[in-house]
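Analysis of the macromolecular model
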Protein chains: 4
Amino acid sequence: MAGSVLGDRFTVSTWGESHGVGLGVVVDGCPAGIELREEDIQKMLDRRKPGSTKYATPRKESDRVKILSGVFEGKTTGTPISMMVENTSQRSADYSKIADVYRPGHADYTFDAKYGFRDYRGGGRSSGRETIGRVAAGAIAQKILEELGISVTAFTRQIGPYECRDEYLAKENIGKSPLCMPDLERSGQAEEYLTQMIRDQDSVGGIVECVVHGMPAGIGEPVFDKLDAVLARNIFSIGAVKGVEIGDGFAVAQKNGSQNNDEFLAGEDAEVKKRTNHSGGILGGISDGDDIVIRAAFKPTPSIFKKQKTVNRQGENIEIEIQGRHDPVIMPRAVVVVESMTALALVDALFTGMTSRMDRIREFYKRE
Amino acid sequence: MAGSVLGDRFTVSTWGESHGVGLGVVVDGCPAGIELREEDIQKMLDRRKPGSTKYATPRKESDRVKILSGVFEGKTTGTPISMMVENTSQRSADYSKIADVYRPGHADYTFDAKYGFRDYRGGGRSSGRETIGRVAAGAIAQKILEELGISVTAFTRQIGPYECRDEYLAKENIGKSPLCMPDLERSGQAEEYLTQMIRDQDSVGGIVECVVHGMPAGIGEPVFDKLDAVLARNIFSIGAVKGVEIGDGFAVAQKNGSQNNDEFLAGEDAEVKKRTNHSGGILGGISDGDDIVIRAAFKPTPSIFKKQKTVNRQGENIEIEIQGRHDPVIMPRAVVVVESMTALALVDALFTGMTSRMDRIREFYKRE
Amino acid sequence: MAGSVLGDRFTVSTWGESHGVGLGVVVDGCPAGIELREEDIQKMLDRRKPGSTKYATPRKESDRVKILSGVFEGKTTGTPISMMVENTSQRSADYSKIADVYRPGHADYTFDAKYGFRDYRGGGRSSGRETIGRVAAGAIAQKILEELGISVTAFTRQIGPYECRDEYLAKENIGKSPLCMPDLERSGQAEEYLTQMIRDQDSVGGIVECVVHGMPAGIGEPVFDKLDAVLARNIFSIGAVKGVEIGDGFAVAQKNGSQNNDEFLAGEDAEVKKRTNHSGGILGGISDGDDIVIRAAFKPTPSIFKKQKTVNRQGENIEIEIQGRHDPVIMPRAVVVVESMTALALVDALFTGMTSRMDRIREFYKRE
Amino acid sequence: MAGSVLGDRFTVSTWGESHGVGLGVVVDGCPAGIELREEDIQKMLDRRKPGSTKYATPRKESDRVKILSGVFEGKTTGTPISMMVENTSQRSADYSKIADVYRPGHADYTFDAKYGFRDYRGGGRSSGRETIGRVAAGAIAQKILEELGISVTAFTRQIGPYECRDEYLAKENIGKSPLCMPDLERSGQAEEYLTQMIRDQDSVGGIVECVVHGMPAGIGEPVFDKLDAVLARNIFSIGAVKGVEIGDGFAVAQKNGSQNNDEFLAGEDAEVKKRTNHSGGILGGISDGDDIVIRAAFKPTPSIFKKQKTVNRQGENIEIEIQGRHDPVIMPRAVVVVESMTALALVDALFTGMTSRMDRIREFYKRE
């Protein structure tokens, strides 16, 4: 695969640049018979839309999605679903200054090293707008998961030094915070901190956490396509992510086996449960029926307004001051992207899981 | 893909169980003309062999690799390379007791949930021995990287509370530590700590770090197959890994953009360098020419000898005491596995990168 | 893969239905630096356009292509190229009558069997219009082949009983025939025959032949991805194709080895040539440097205006008379589709072929 | 994919050369719970074994298969199944003479063109022995099809001018003919013809036909992965195949739509049937519930004992007389290979088909 196609059974092919005609995605392998309207997609896209709070770029992106194929009389037909968002608010002039400049922390230099030149307008394909296709596809994946009783919920766990406490993670509070931080006290502190960052012409990193509830046990493949490996890859493919962990993650480095092992417990009807969830819902690459817990570390927005030293295409040392409209923090808008990339991994794994056992295949095809 | 096949251009298909006939791998897509002898593979396999120190299981595994195809007159032919290690030292009787038991922290329950039953001997396919195929394939990938001037070096960064200090990471010291910790003072402390763990019938987690040197800039794909995403997936697919980070990793959550951005600097001949390497050698999913730095968190060995509560296949709450031969720590033997999985990702990315630019393709095929 | 994604390195993802919003394609893995304008694509699409002669449906399809991404300042950027054609001339009302009917020779019944329902307007995804995405992608593949000195030319070899004679296959005559038959005498006879078919409310089958010139020796993979196997699959994936042959094809069944073997001959500079080309340019799945010759058998258009017996969704035996606008013959419009599917296979094989030999990889990456 | 890996869900990775240590295959994605013994595989391998009649090479190949992984207590575990046949009867000396010679009709030259050199012993990877891995994997695929009530039966339809008549295709007669020709009169004539060919130091081509019975309607993907396209690719990947057709195949070129369309007919319980089967069981790339009928044209064995003109590696014109042991006809031993490649395509398509409809996925995962 050449890099913009993802997934084996539920295959997603995204396209588009920040300042081109538009951005979009083709989803191949979506089952027939799912009710799907543009509003289902739009709802998710609106969550990544900037301009809603002062902590996001004041750019106005209308980002109206159109479904171009694969849906007939309100239901998916089983054939490819093409979706598109037209670019409307792009001001390419803002970027002409950086055409020859390698912005620190951005992919300008590496794109040139790879391709020989680049669409420099707004970062081109490396722009955050590239995630529009992911979220549109993820919205469909989420619909499939809903039908199977599986929910995916992400939120901002940490911004700079402010981390949500375990006792304050109520799902219903996520929407009450402009930063998607369910611990509203920490959210308030993080808001003050961000205000300071904006004054300082700086930006800040953080952590997004994602919880999957309702996943049946037995999903995921045992070797290279471990469920955690595929989740990690999907989430690491989001622009600013520098680390991913599952369950207790990096904390396990300092733990003993007796602390880290989750003891099993027979539930009602001899159902297998765990007393704790250090594993984060995955054992040996396969879901264990518990909540899947993933965390992703996001670097601070590389576009800062402070003066920075760098190099231009001619190989000269120069100084730049980035202008334009940029978020001081990535996480609040990335929350829905993390959910989307998680949902895409889960759907692919669930579809793959349907051929694990001959008895179930036999039953599936035995329809009089 | 069904889970035991990895890679698009350099494709690896592993097979085998801990206590079956043997374990092996088929490598498809290896270029013709590489000098390859069984010793090249054996050298790497020996590094994952247990029994060399008291911190590893006293099992003796001879693990002699045989090349079964794809090499003629000492050179790869371009056709599939099949390699195999026969199982010789397996004592299946040790495991009959656990046939019906779900060991905490192991994949026993999830395999049963997925497949309906499992080869319980030594963990079957979920055994650490599964990595034999990975390391054999990785040895070939490493040979390819060597020919391109790229080195991959992993070491134990941390065991429990003992972490190598940045000033003591000299490559030549890795081999002097039985734990692959180049900071020899910390290695000594970790050894004492491990001795205590063994006495306590417990185990301990840690971190492996891997550094890639000599990678050209411009390798990796910009969206889903970002170089960091593929590396993360590959390394997350190793049994006990619970977290992966690139460059500054999770530390970026608390950093500002002005701290985290690596400023560019024109080197001699206008070459583009970075003043720092917070990015860990990858920007926008594409290599930036700097060292690639990856860290992976390993959980403590789940096989501990302490009494644990759990459940059996019949859904009854029981207690078990695991017996047999088990490492109290995974990292020293995992170092070569991390290198292997890294090398596999890099070779695939380098091969993919050959078709990024039409001018280079034209030149490649223009051979009078 | 779920079926609408093709190719490993040059990956094509098509979408769209006959009477939906439009049809299109996303091409991932196209190298950077190729000059590409909408006219390059349009030129090819116009060749599959109906309405140019009386032997094609009188529907007028403007079919204007738009490039939505992946091209900047007139050159491909290396990122996905999205292309789209809007549907403008669709009259869905024509099809409401067949919503519940299974037309003989069409995919109506099998789509219902697979998906439970279908977009019945104009055949939906099974319409010949689905090839728009293939041709748009093929146009880019053809540009790549041109840069490497490789040409792909298809023509109508046979319509019903009228077959072009080997001595009358001059490339420049293809365009002179409304049926793309370079043997203009046979073309004239076939035209008369088609006129009769139209009067009879019937349709007719035929053969398209495709010749690849300039292919270097050594391209194609030796086992499952034999160049002929990939070509066959690509061409068999075109709607009405019922047979594919390479070189002498089915005629070899009656030949002896001494007749069928192509003897080698040392050309100037010891170059390896063949005295004959029974092989059709491929030996052991790998190109031998000679012209690649492929033939595809197309069934008669299943939409005929004669009364036919069939079944409806309710399982009742009924009679239908198909109405609307339909070609009595598929080949003339399929010629460019066969070229496109051939070009897609060749580009993928050429890209794959770049990693066959370590010496060439080493040289590729050795750029001071 | 690099060429020796096949299939998306039921993935087959073959390896091995004619005169190396052995040949084998790894099957990934085989469901758990299928009873599988080495005899199941051996039975199929024996059908491709030479030496049973005078029309096959007198080489004796014991070709005993060993299952190395993926089976526990007589049942598949869901993890990769590795199978191997050791080479025992190879006489490499026979081939030293041809090390520098390009045999007409063989892949010697194209392998050299691709890889720079080749394992010349017995054709190396391009040997007919390469099909051992295919047949071993196909044997497992056939077991899966059996469990779903689907049978795959191939036979020799034609040898040189002798073609089985439609009225004499009784399945039970296939085994009575040393040439696998169920029309025993034609089989006798073909035997005489072959005797003459052997005397003439020549070889002869033919056609293998394969019939799939019991395939449910609705299997196959509608665009690039049409069931016929995948079947064609699989069968075209067999060494000597030069043409593939489905249903009426090339004969459709001369037919009218009114002759070629299969009218539908309501069977009992409103079941949809066809009055004829010109389509060969596939409409629009999707199975229509009728028998699938495929024919493949095989070229005459290129190894003939007559003197032939050719070229050597040094680019000199020379003459050769091939020696050794070679079949004068390929079809009788290829019959089981055609069945295997067909079975592999069908299993992959059936597995893919399980995710076509959301209602069935929902039902699959709704297990209280």
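Data block above holds the structure.
Cut-off values and rules
- Residues numbered from 1 in each chain as written.
- Chains lettered and ligands numbered in written order.
- Predicted model: local features only at pLDDT ≥ 70, side-chain atom pairs only at ≥ 80, totals over all residues.
- Heavy atoms only, no water.
- Helix = DSSP H or I, 4+ residues; strand = E, 2+ residues; numbered from the N terminus.
- Rg over C-alpha atoms; globule rule 2.2 N^0.38 Å.
- Buried < 20%, exposed > 50% of the residue type's maximum accessible area, 1.4 Å probe, protein only.
- Contact = heavy atoms within 4.5 Å.
- Lys, Arg positive; Asp, Glu negative; His and termini not counted.
- Charge placed at Lys NZ, Arg CZ, Asp CG, Glu CD.
- Pairing = 2+ DSSP bridges.
- Least-squares fit on C-alpha atoms with pLDDT ≥ 70 in both.
- Buried area = accessible area lost by both parts, 1.4 Å probe.
- Salt bridge = Lys/Arg side-chain N within 4 Å of Asp/Glu carboxyl O.
- Disulfide = S-S within 2.5 Å.
- Phe/Tyr/Trp six-rings, centres within 6.5 Å; stacked < 30°, edge-to-face > 60°.
- Axes fitted to C-alpha atoms, helices over the stretch in contact; angles between N-to-C directions.
- Parallel < 35°, antiparallel > 145°, perpendicular 65-115°, else oblique.
- Left-handed = near helix turned anticlockwise from the far one by under 90°.

Things to note about the overall build of chain A
When its secondary structure is counted, chain A shows 9 helices and 18 strands. Rg of the C-alpha trace for chain A: 22 Å, near the compact-globule value of 21 Å for 368 residues, within the 12% margin. A total of 368 residues make up chain A; the buried ones form 68% of that total. Taking as baseline every contact in chain A between residues at least 6 positions apart, the subset at least 24 positions apart corresponds to 67%. Side chains of chain A give 48 positive and 53 negative charges; the mean places of these two sets differ by 4 Å.

Digging into the sheet that holds strand β8 (residues 101–102) of chain D
All names here are of chain D. Taken in spatial order, the 3 strands make up an open sheet running β8-β18-β19, and their pairing is antiparallel. At either end of the open sheet lies a strand with only one pairing partner, and these are β8 and β19 (317–321). Relative to β19, strand β18 (residues 307–312) runs antiparallel, the two sharing 5 bridges. Opposite Thr310, over in β19, you have Ile318 as the bridge partner.

Some points on the relation of the copies chain B and chain A
Between the two copies, chain B and chain A, the superposition gives an RMSD of 0.0 Å; the rotation angle is 180 degrees and the shift along the axis is 0.0 Å. Classification of the inter-copy transformation places it as that of a two-fold axis. Minimal C-alpha distance to the rotation axis in chain B is attained by Arg233 of chain B, lying at 2.4 Å. Interface overlap between copies: 100% of the residues of chain B at the interface are likewise at the interface in chain A, consistent with a symmetric, same-surface contact.

Remarks on the interface of chain B and chain A
On the side of chain A, 112 residues touch chain B, which itself brings 112 residues to the contact. Carbon and sulfur atoms make up 58% of the area that chain B and chain A hide from each other, which totals about 8600 Å². For the interface between chain B and chain A, the tally reads 4 salt bridges. Of the charged contacts, one joins Glu221 of chain B and Lys114 of chain A as a salt bridge, the two residues approaching to 2.9 Å between their closest N and O atoms.

Considering the relation of the copies chain B and chain C
Rotating chain B by 180 degrees and translating it 0.0 Å along the rotation axis places it on chain C, where the RMSD comes to 0.0 Å. Looking at chain B, 100% of its interface residues are interface residues in chain C too, so the copies touch through the same face.

Observations concerning the state of the cysteines
For the structure shown, the criterion picks out 0 disulfides over all chains. Free cysteine Cys180 of chain D: the closest other cysteine sulfur is in Cys164 of chain D, separated by 10 Å.

Side note on the interface of chain B and chain C
Taken together, the contacts link 25 residues of chain B with 25 residues of chain C. Each partner contributes to the roughly 2500 Å² buried at the junction of chain B and chain C, and carbon and sulfur atoms together form 67% of this total. Ranking the residues of chain B by area buried against chain C places Met354, Met358 and Tyr365 of chain B at the top, with a combined share of 28%. Counting across the chain B and chain C interface gives 2 salt bridges.

Some words on the packing of aromatic side chains
Scanning all chains against the criterion turns up 34 aromatic pairs over all chains. Their ring planes at 85 degrees and their centres at 5.3 Å tell us that Phe72 of chain B and Tyr120 of chain D sit as a pair that is edge-to-face. Here the residue Phe72 of chain B occupies a position in strand β5 (residues 71–72), and Tyr120 of chain D occupies one in the loop between α3 (108–115) and α4 (131–147), the pair thus bridging two chains. Residues Phe72 of chain B and Tyr120 of chain D agree in their burial class; the two are buried. Geometrically, the ring pair formed by Phe10 of chain C and Phe351 of chain C is edge-to-face, given 6.5 Å between the ring centres and 75 degrees between the ring planes.

Thoughts on the sheet that holds strand β4 (residues 65–67) of chain B
Residues and elements named next belong to chain B. Taken in spatial order, the 5 strands make up an open sheet running β1-β2-β3-β7-β4, and their pairing is antiparallel. Two strands bound the open sheet, and with one partner strand each, they are β1 (5–6) and β4. Where strand β2 (residues 11–16) lies against strand β3 (residues 22–28), 6 bridges are found, and the strand directions are antiparallel. Paired with Ser13 across the two strands is Val26, which belongs to β3. Sitting on the sheet, helix α3 (residues 131–147) is in contact with β2, β3 and β7 (81–86), with an inclination near 35 degrees to β3.

Focus: α3 of chain D
All names here are of chain D. Of all 8 residues in α3, 7 are buried; the element is thus mostly enclosed. Among the residues of α3, Asp108, Tyr109, Thr110, Phe111, Asp112, Lys114 and Tyr115 are the ones counted as buried. Downstream of α3 by a residue or two, Gly116 has a phi angle that is positive, lying close to 90 degrees.

Notes on the side chain of Asn173 of chain B
Residues and elements named next belong to chain B. Along the chain, Asn173 falls in the loop between β9 (162–163) and α4 (184–199). The exposure class assigned to Asn173 is buried, which follows from its relative accessible area of 17%. If we ignore the near neighbours within four places in the chain, the residues touching Asn173 are Met181, Pro182 and Leu184.

Here's the deal with the pattern of salt bridges
A complete count under the given rule lists 135 salt bridges over all chains for this structure. Between Asp202 of chain A and Lys306 of chain A there is a salt bridge whose closest N-O contact spans 3.4 Å. You can see Asp202 of chain A sitting in the loop between α5 (184–199) and β10 (206–213) and its partner Lys306 of chain A sitting in the loop between β16 (292–298) and β17 (307–311), a full 104 residues away along the chain. Note that Arg121 of chain C and Asp119 of chain C form a salt bridge whose closest N and O atoms lie 2.9 Å from each other. One salt-bridge network, held together by shared partners, links Arg157, Glu163, Asp166, Glu209, Glu245 and Arg295 of chain A.

A word on unusual backbone geometry
Its identity as a non-glycine residue notwithstanding, Asp63 of chain B has a phi of 50 degrees, on the positive side. Summarising the element assignment, Asp63 of chain B is placed in the loop between α1 (38–47) and β4. With phi around 50 degrees, Glu73 of chain D is a residue other than glycine that occupies positive phi space. Here Glu73 of chain D lies in the loop between β5 (71–72) and β6 (75–76).

A look at the side chain of Asp262 of chain D
Relative to the assigned elements, Asp262 of chain D resides in the loop between α8 (257–260) and β13 (264–266). Residue Asp262 of chain D is classed as buried on the basis of its relative accessible area of 4%.

Overview of the environment of Ala240 of chain C
All names here are of chain C. Structurally, the position occupied by Ala240 is in the loop between α7 (227–236) and β12 (241–246). Measuring from C-alpha to C-alpha, the distance between Ala240 and Pro300 comes to 7.8 Å, with 60 residues separating the pair along the chain. Not counting the four nearest positions on each side in its chain, Ala240 is found in contact with Ala297, Phe298, Lys299 and Ile330.

Things to note about the environment of Arg118 of chain B
Along the chain, Arg118 of chain B falls in the loop between α2 (108–115) and α3. Its relative accessible area of 7% is what places Arg118 of chain B among the buried residues. For the pair Arg118 of chain B and Ala334 of chain B, spaced 216 residues apart in sequence, the C-alpha separation works out to 25 Å. In this structure Arg118 of chain B touches Ile98, Ala99, Val101, Tyr102, Asp108, Phe111 and Asp112 of chain B together with Phe72 of chain D, once residues within four positions along its chain are discounted.

Here's the deal with the packing of helix α1 (residues 38–47) of chain A against helix α3 (residues 131–147) of chain A
Residues and elements named next belong to chain A. For the pair α1 and α3, interaxial distance at closest approach is 9 Å and the crossing angle is 125 degrees. Our classification of the angle between α1 and α3 gives oblique. Considering how the two elements wind past one another, α1 and α3 form a crossing that is right-handed. Between α1 and α3, the residues in contact are Asp40, Ile41, Met44 and Leu45 and Ile132, Val135, Ala136, Ala139, Ile140, Gln142 and Lys143, respectively.

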